[in-house]
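Here is how the chains run, residue by residue.
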Amino acid sequence: MKVLIANRGEIAVRIMRACRELGVATVAVHADCDRLAPHVRYADEAVALEADEAVHSYLRIDKLIDAARRTGADAVHPGYGFLAENADFAQAAVDAGLCVVGPRPDVIRLMGGKTAAREAAGRAGVPIVPGSGGPLPAGATDEDLRRTGEEIGYPLFVKAVAGGGGKGMRLVRPGADIVNAVRGAASEATAAFGDGAVYLERAIERGRHIEVQLLADAHSTVVPFVERECSIQRRHQKLIEETPSAAVDGATRRALADAAAALAREVGYTNAGTIEFLLDGEGKFYFLEMNTRLQVEHPVTEMVTGLDLVRWQLRIARGERLAIDPERALAPRGHAMECRVYAEDPDAGFLPSPGRLSAHRPPGGPGVRVDAGVEPGFEVPVHYDSMVSKLCVWDEDRPAAIERMLRALGEYEVGGVPTTVPLFRWILRRDDFAAGRFDTTWLDRALAERGGALFVDPPPDGEETAILAAAVHTALRAGNGDRGRPEAVRSWRRAARLEGLRWR
């Protein structure tokens, strides 16, 4: 077996590691700006896609299929993002005689349509949020839209049928103009996905985003896993994920797992997938959507179960039967947490910060895992997602996992570009986070309340100011590598650490 990984960055490296453990050869593909990237060097072979922009490289189905043909690959793993949930790509790969490490093209197409997925969930007996029941008619009048909105009830969401990542989505509160919301969401969806179809769904405010990972083989075996909590989001984008959820008890966990498995069986699902639910304040859950791929946050599930999801993806693709104890999959061992570290500046409105990494020193120690596709000297490109790494920790319970994550964040050093590390330290120290009192809108509210305060540690007063000023001066004049560069000294805390001091 030889697998072409149709992706880049940390997920490409992650897949290649699983392949290497199974004795499977790998082929990397790369844009011009990624020619020196770690995933290219880690692979057994590499093929240039001869462009920088994604639309001319990682999104070119013909180039990827040709790369597989030229290298003799007999399988393709799409990872996540790019073409991972593109039914046309999966079909093209099948037509080319390739094994797709993922579900069948028809299942990807079915579950990729939000309204069709809702209908499938209804057939499987999975609770769904009340809504329009299908895409709004293209010729719907303003009066039609207002009447439908009143029938569903406010507040409600306008959502793109082909949407994701918060694009093509509008929240409409009582008294707001639903017509403008529908038109705006449809326009944004057309620009982002080439499909302006939208539907309406009642908004469950202050809900929690809970998801269930599952694996399914070609022999009708479906294994759902312990839930993941993904409610720490900024503008509908996940930032911190953990498992298990502090809001889910044993009975709800079993019900979520049963619902996810029922839906997977209803559509004949195979390989890895994730069912996303919304949990309300009364403990009731509702189907949101299905991601027909591996999730960014899969490491936390691996850390509490001791199972390798990517390796099982490959084994399922080879036709093997799942040999996982379902009870083990639902019984978390300890608590795991993931922070998505991005090259973004939280003190400048979270603007992406592409540039060269002058340093990348990830933390280590017990219970710490860092999935990264970067290294010192790597150029964070302007064309792609600005993720630097996924920092994951495990410990015996949630409070211990939080403390371990804070320790790891304190050790993490990235030079050359600002990152979201200071943001995570701020979040983890919030009382609401520590107590598990949050929902999908909590972070946006908390950020709005704090105003324009900086996330970097403020300078202290008095004698310690003089000590730390001397530490900064020493660091800036040091001649040993990155410590002599101004961009490496990102905060007073780091300056203190260079002098062997501790400051919180």
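This text follows the structure it describes.
Residues numbered from 1 in each chain as written. Predicted model: local features only at pLDDT ≥ 70, side-chain atom pairs only at ≥ 80, totals over all residues. Heavy atoms only, no water.

A. How the structure looks around the overall build of the protein chain. Along the backbone of the protein chain there are 18 helices and 23 strands. Relative to the compact-globule value of 23 Å for 504 residues, the protein chain shows a C-alpha radius of gyration of 23 Å, a close match. Each principal axis of the C-alpha atoms in the protein chain carries an extent, and together these give about 65 × 60 × 45 Å. A buried classification covers 55% of the 504 residues belonging to the protein chain. In the protein chain, of all internal contacts separated by at least 6 residues, the share reaching a separation of at least 24 is 66%. Of the roughly 20,500 Å² of accessible surface on the protein chain, a fraction of 49% belongs to carbon and sulfur atoms. In the protein chain, which carries 64 positive and 72 negative side-chain charges, the distance between the mean positions of the two groups comes to 3 Å. (Helix = DSSP H or I, 4+ residues; strand = E, 2+ residues; numbered from the N terminus. Rg over C-alpha atoms; globule rule 2.2 N^0.38 Å. Buried < 20%, exposed > 50% of the residue type's maximum accessible area, 1.4 Å probe, protein only. Contact = heavy atoms within 4.5 Å. Areas by Shrake-Rupley, 256 points an atom, 1.4 Å probe, with all protein chains shown as cover. Lys, Arg positive; Asp, Glu negative; His and termini not counted. Charge placed at Lys NZ, Arg CZ, Asp CG, Glu CD.)

B. Representation of the nonpolar core in the model. Leu215, Ile240, Ile324, Ile427, Leu428 and Phe433 are the most contacted members of the largest nonpolar core, which has 71 residues in total. Aside from chain neighbours lying at most four places away, what touches Ile324 is Leu215, Val223, Phe225, Leu307, Trp312 and Ala329. Counting 27 residues, the second-largest nonpolar core is a separate cluster that includes Ala216, Val222, Val248 and Leu279. (Core = buried A, V, L, I, M, F, W, Y, C linked by side-chain atoms within 4.5 Å.)

C. Quick look at the sheet that holds strand β1 (residues 2–5). One open sheet accounts for five strands, arranged β3-β2-β1-β4-β5; its pairing is parallel. This sheet does not close on itself; its edge strands, each paired only once, are β3 (45–48) and β5 (99–100). Where strand β2 (residues 25–30) and β3 come together, four bridges link them in parallel fashion. The residue bridging Ala28 from the neighbouring strand is Ala46, located in β3. (Pairing = 2+ DSSP bridges.)

D. Structural detail: helix α8 (residues 178–193). Across its 16 residues, α8 extends 22 Å between first and last C-alpha, which sits within 8% of the 22 Å expected from 1.5 Å per residue. Among the residues making up α8, those that are buried are Ile178, Val179, Ala181, Val182, Ala185, Ala186 and Ala189. Seen along its axis, α8 keeps its buried residues to an arc of 160 degrees; they face one direction. For α8, the exposed residues set more than 90 degrees away from the buried face come down to Asn180 and Ala191. Contact partners of the buried residues in α8: α7 (142–152), β6 (156–164), β7 (167–172) and β8 (198–202). The residue sitting at the N-terminus of α8 and contributing the capping side-chain oxygen is Asp177; that oxygen lies 3.0 Å from the backbone nitrogen of Val179. (Expected span 1.5 Å × (residues − 1). Arc of directions from axis to C-beta. Polar contact = N/O pair within 3.5 Å; in protein donor to acceptor, adjacent residues only side chain to side chain.)

E. Just the pairing of β8, in detail. With four of five residues buried, β8 lies mostly within the body of the structure. Bridge count for β6 against β8 is five bridges, and the pairing is antiparallel. Looking across to β8, one finds that Lys159 is bridged to Tyr199.

F. Broad picture of the pattern of salt bridges. Evaluation of the coordinates by the stated rule reveals 42 salt bridges. Three or more residues joined by partner-sharing salt bridges are found here, namely Glu211, Arg228, Lys238, Glu241, Glu276, Glu297 and Arg340. (Salt bridge = Lys/Arg side-chain N within 4 Å of Asp/Glu carboxyl O.)

G. Broad picture of the side chain of Thr252. Along the polypeptide, Thr252 turns up in helix α9 (residues 250–267). According to the relative accessible area criterion, Thr252 is buried, its value standing at 16%. Excluding its chain neighbours within four sequence positions, the residues that come into contact with Thr252 are Leu279, Gly283 and Phe285.

H. Molecular detail of the packing of aromatic side chains. Taken as a whole and assessed by the stated rule, the structure comprises eight aromatic pairs. Aromatic pair Phe277 and Phe285: ring centres 5.3 Å apart, planes at 80 degrees, arrangement edge-to-face. The buried category is assigned to Phe277, whose relative accessible area is 1%. Seen from their ring centres, Phe433 and Phe438 are 5.6 Å apart, and the 15 degrees between their planes marks the pair as stacked. Overall, Phe433 belongs to the buried group, its relative accessible area being 0%. (Phe/Tyr/Trp six-rings, centres within 6.5 Å; stacked < 30°, edge-to-face > 60°.)

I. Spatial organisation of the side chain of Arg118. Along the chain, Arg118 falls in helix α6 (residues 114–123). Judged by its relative accessible area of 5%, Arg118 falls in the buried class.

J. Focus on the sheet that holds β8. Strand order in the open sheet formed by three strands is β7-β6-β8, with antiparallel pairing between adjacent strands. Unpaired on one side and paired on the other, β7 and β8 mark the two borders of the sheet. Ignoring which end each strand starts from, the neighbouring axes of this sheet average 25 degrees apart. Taken together, the five bridges between β6 and β7 define a ladder with antiparallel strand orientation. Note on β7: the bridge partner recorded for Gly164 is Lys167. With respect to the sheet, α6 is in contact with β6 and β8, its orientation differing from that of β6 by roughly 105 degrees. (Axes fitted to C-alpha atoms, helices over the stretch in contact; angles between N-to-C directions.)

K. Structural view of unusual backbone geometry. For the peptide bond that leads from Tyr154 to Pro155, omega is -5 degrees, which places it in the cis range. Position of Pro155 relative to the elements: it lies in the loop between α7 and β6. In this structure, Phe82 takes a positive phi of about 45 degrees despite not being glycine. With respect to the helices, strands and loops of the structure, Phe82 is situated in the loop between β4 (75–77) and α4 (87–95).

L. Up close: helix α5 (residues 105–112). Here α5 has its buried residues at Pro105, Val107, Ile108 and Met111. Taken around the axis of α5, the buried residues stretch over an arc of 165 degrees, which confines them to a single face.

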